[in-house]
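# Descriptive analysis of the structure
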Amino acid sequence: MTREELKNFVSVYNKSVRKGIKGKDKEGQDVEEQTSWAFFDREVIERLLAMTDPKIGGIKIYFGQYDTGNLNLVPEDREDREEYIGRVSLALSAANKEKDGVFDVFKNDSDAENGYSSIQNGTGICPPYCRPPINI
């Protein structure tokens, strides 16, 4: 995910869910059951942490929302891909905590370590990807 894609992803969320407006699904209908959880694997988290300072580094978590304009963020081979439209998700960003705030590392594909961006998205969210079903 690039910095510009992150900006768009967060913008969709800020214009709807954050303001209490329901997301719209692929048919333009209100999303009645919003995201319950998101999963990022250990490799993604460790890769992001490796881009940060060992003492002041961490991961900043952005809330965002899928729409038809950013569905490209969901891998094309993902089952039920269009079911992500209108749903809230997360983007993780490598970041360092300085005395005047928490700052993203923002290493995009062209300058990222080992070819990985410092912003990660494309995780599985429930719904639609609820395997196994919610069990809490």
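Note that this is a predicted model, so its numbers are computed, not measured. (Residues numbered from 1 in each chain as written. Predicted model: local features only at pLDDT ≥ 70, side-chain atom pairs only at ≥ 80, totals over all residues. Heavy atoms only, no water.)

### Observations concerning the state of the cysteines
In a disulfide, the sulfur atoms of two cysteines are held together by a covalent bond. Put simply, the rule reads: In this description, the term disulfide denotes a pair of cysteine sulfurs within 2.5 Å. Partly exposed describes any residue whose relative accessible area lies between the buried limit of under 20% and the exposed limit of over 50%, with all areas from a 1.4 Å probe on protein chains only and scaled to the type maximum.
Within this structure, the stated rule accounts for 1 disulfide. Put simply, C126 and C130 are joined by a disulfide, and their sulfur atoms are 1.9 Å apart. On the sign convention where negative means left-handed, the S-S torsion of about 100° between C126 and C130 marks this disulfide as right-handed. You can call C126 buried: its relative accessible area is 0%.

### Digging into the packing of aromatic side chains
This is how it is decided: Put simply, two rings from Phe, Tyr or Trp (the six-membered ring, in Trp's case) pair if the centres are within 6.5 Å, and we call them stacked under 30 degrees between planes, edge-to-face over 60, tilted for the rest. The helix count covers DSSP runs of H or I at least four residues long, the strand count covers runs of E at least two residues long, and both are numbered beginning at the N terminus.
In this structure the tally under the stated criterion is 3 aromatic pairs. When the centroid spacing of 5.5 Å and the interplanar angle of 70° are considered together, the rings of Y66 and Y84 count as edge-to-face. Pair noted here: Y66 is in the loop between β2 (57-65) and β3 (88-98) and Y84 is in the loop between β2 and β3, with a separation of 18 residues, a long-range link.

### A few points about the environment of V31
What counts is decided by this rule: Contacts are assigned to residue pairs with any non-hydrogen atoms lying within 4.5 Å of each other.
Mapped onto the elements, V31 comes out in the loop between α1 (3-15) and β1 (37-39). In this structure V31 comes out as buried when scored by relative accessible area, which is 7%. Sequence separation of V31 and G86 is 55 residues, and the distance between their C-alpha atoms is 6.4 Å. Sequence-distant contacts of V31, that is, excluding residues within four places in its chain, are made with K22, G23, K24, D25, I85, G86 and R87.

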